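So you can see what is in the structure, the chains are spelled out below.
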Amino acid sequence: MVADLPAGLGEQLARRLGPRGYVSDAAALAPHLTEWRGLYRGAAAALLAPASTAEAAAVVRLCAEAGVAMVPQGGNTGLVGGAVPHSRPGRPQVILSAARLNRIRELDVANDTITVEAGCLLAQVQAAAAEAGRLFPLSLAAEGSCQIGGNIATNAGGINVLRYGSMRAQVLGLEVVLPDGQVFEGLRALRKDNSGYDLKQLFIGSEGTLGFITAATCRLYPQAVSTATALAAVTDPAAAVALYGRARERLGEQLQACELIGRAALELVLAQIAGSRDPFDEPHAWYLLLEVGAFDQGAGARLESFLADSLERGGVRDAVLAQSEAQRAALWRLRHSISEAQKRAGAGIKHDVSVPVSRVPALIERGSALVRRRIPGALLVAFGHLGDGNIHFNLNQPPGSDREAFLARWPEIAGAVHELVAELGGSFSAEHGIGALKTAELARYRGGVELALMRRIKACLDPRDLMNPGKLLPPER
Ligand code: FAD
Ligand code: ZN
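Residues numbered from 1 in each chain as written. Chains lettered and ligands numbered in written order. Predicted model: local features only at pLDDT ≥ 70, side-chain atom pairs only at ≥ 80, totals over all residues. Heavy atoms only, no water.

**Q** I'd love a proper account of the coordination of the zinc ion (ligand 2), names of residues and values included.
**A** At 1.8 to 2.1 Å from the zinc ion (ligand 2) lie its protein donor atoms, namely His385 (NE2), His392 (NE2) and Glu431 (OE). Counting along the primary sequence, the residues that act as donors to the zinc ion (ligand 2) give the motif H-x6-H-x38-E. Residue classification places His385 among the buried positions, given a relative accessible area of 3%. Relative accessible area serves as the criterion here: at 6%, His392 is assigned to the buried category. (Donors = N, O, S within 2.8 Å, 3.2 Å for Na, K, Ca; no water. Buried < 20%, exposed > 50% of the residue type's maximum accessible area, 1.4 Å probe, protein only.)

Have a look at this one:
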């Protein structure tokens, strides 16, 4: 049951936002009340889509004065239920959408910065940078539908973190509407600025719990002159880590992506995604997708020579180097289709974990044994950003098994995997955040002083718990 807004507030908000900015029709609201995999469903009285920072500040103030909770939402591609409103019987809430805040405000080529509104799609920002002959390096499979505000709120990672860092490394300035409607005007385009606490950092990765991000100024980089992409087949994760180490030695920071793909993940893609094909004649246990970007014409030659050398030494069993843009795109499509293929193949239990790169083989070996013991027949779909030590250690339900019964095992399996990750010195949440899914894990692994500090920051910025309540922070006992 959705709690109604206090009397008169709906009309006031609708007047301020106009018909495109105030949505309360049930059918139009429906897609915003659930998420990508349909694991979370919630309720909201309306969706508010301001078209300017001033509008955003005005409607946040109105909601705050009336004690109405607000759930910031970007492209709703997050994987931890963070952008979906909870069901909160008796307590009114609205969704705050950034979709209409979608202008590129400024691109300063000499300063290598771009200032964009939060609702710009990631792909739109990449395209604007490319048009100016620059690179915006954040790249992930959901880039056609996720928004820059969502990327900042989750400190998104993706495939180029290895070379350029995650979203936090790109943000120079932020504009944020605070939970009471005040605006934090921090849109500075400076690479050096030691004027007190660096407040913008608080909002990066805060998952909508501290404020509504309306705009950002981000770094741009030179575009590579040549790019080369290859898929290398290796025997096991230890061979993959060794190959990655040699690639760093030989290719230095020109190595811009290093993605691990297990055979089961590739087979899912081949089975579920039309038009995909295995680039090799025979199956291999593990693959590394390597990409090099160079500021001369030499990327292809360098990667080819590195692979030839690795084949000779026996570190690689086989390799294909993309010979055209189409082949390069096809290799990336294999990698980027894994999540979609997993979804089509049935229910999945997902772990987005990181460990020191040197411990990735132990994580995969011990994690796989642990899962097989508990759910024999589960499909182990391990893949991810090896260069960042960030593995999506996922499993799909055994073919033909009961979906709900499988999903009911999530807490038990995730509990065991996260224990292993902690033992290996890793994190239970590498890039997707906490959302609604991992609040208990946050209490378990970041309890004590860390959690207490997080609560004090939340209480300082949002004392009435109106911004994305119930997300990120576990309930206080
Ligand atoms: P949403 O899902 O709408 O929101 C995510 C969180 O941010 C929520 O807590 C929400 O409240 C908050 N939020 C959104 N917008 C704002 C705003 N303007 N102000 C304040 N808070 C806000 N993630 C990675 O890091 N790396 C990957 O490689 C990656 N690959 C993915 C592949 C697929 C196929 C999919 C579906 C997802 C993937 N993701 C990945 C997860 C997801 O795309 C990212 O988390 C992305 O940054 C979310 O952006 P969004 O606009 O969809 O945010
Ligand atoms: Zn990822």
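**Q** I'd like a rundown of the sheet that holds strand S4 (residues 93-97), residues and numbers included.
**A** Pairing is mixed in the open sheet, where four strands are placed in the order S1-S2-S4-S3. Strands at the two margins of the open sheet, each flanked by one partner only, are strand S1 (22-23) and strand S3 (69-73). Sheet topology places strand S2 (residues 46-48) next to S4; three bridges connect them, and they run parallel. Each bridged residue has a counterpart across the sheet, and for Leu48 the counterpart in S4 is Leu96. (Pairing = 2+ DSSP bridges. Helix = DSSP H or I, 4+ residues; strand = E, 2+ residues; numbered from the N terminus.)

**Q** Any chance you could break down the site of ligand 1 for me, citing the residues and the numbers?
**A** Close contacts around ligand 1 come from 36 residues, with Pro72, Gly74, Gly75, Thr77 and Gly78 the closest. Pro72 is positioned with one of its backbone polar atoms (N or O) 2.6 Å from an oxygen atom of ligand 1. Asn76 places a polar main-chain atom, nitrogen or oxygen, 2.8 Å from an oxygen atom of ligand 1. Considered on its own, ligand 1 offers 970 Å² of accessible surface; in the complex 96% of this is hidden by protein. Looking at the shell around ligand 1, the elements with two or more residues in it are S3, helix H5 (148-153) and strand S10 (212-219). (Near = heavy atom within 4 Å. Polar contact = N/O pair within 3.5 Å; in protein donor to acceptor, adjacent residues only side chain to side chain. Areas by Shrake-Rupley, 256 points an atom, 1.4 Å probe, with all protein chains shown as cover.)

**Q** Account for the pattern of salt bridges, naming residues and giving values.
**A** Under the definition given, this model contains 23 salt bridges. We note a salt bridge from Lys200 to Asp198, for which the minimum N-O separation is 2.9 Å. In this structure, the salt-bridge partner of Asp462 is Lys458, at a minimum N-O distance of 2.7 Å. In this structure Asp462 comes out as buried when scored by relative accessible area, which is 3%. Connected through salt bridges with shared partners, the residues Arg103, Arg105, Glu117 and Glu175 form a single ionic network. (Salt bridge = Lys/Arg side-chain N within 4 Å of Asp/Glu carboxyl O.)

**Q** A description of the environment of Tyr164 should follow, citing residues and the corresponding values.
**A** When you line up the elements, Tyr164 lands in helix H6 (residues 161-164). Take Tyr164: its relative accessible area is 12%, and that puts it in the buried class. For Tyr164, the residues in contact, after removing those within four places along its chain, are Leu135, Pro137, Ala169, Gln170, Tyr221 and Gln256. (Contact = heavy atoms within 4.5 Å.)

**Q** Provide a residue-level description of the sheet that holds strand S5 (residues 104-108), including the pertinent values.
**A** Taken in spatial order, the five strands of this open sheet run S5-S6-S10-S8-S9, and their pairing is antiparallel. Either end of the sheet is taken by a strand with one partner, and the two such strands are S5 and strand S9 (183-186). When the angles between neighbouring strand axes are averaged without regard to direction, this sheet yields 10°. Here four bridges tie S5 to strand S6 (residues 113-117), and the two strands are oriented antiparallel to one another. What sits directly across from Asp108, in S6, is Thr113. Packed onto the sheet, helix H3 (residues 53-66) meets S5, strand S8 (171-177), S9 and S10 and runs at close to 45° relative to S8. Contacts from helix H4 (residues 122-131) reach S5 and S6, with the element oriented near 35° to S5. (Axes fitted to C-alpha atoms, helices over the stretch in contact; angles between N-to-C directions.)

What is shown is where atoms sit, not what they do.
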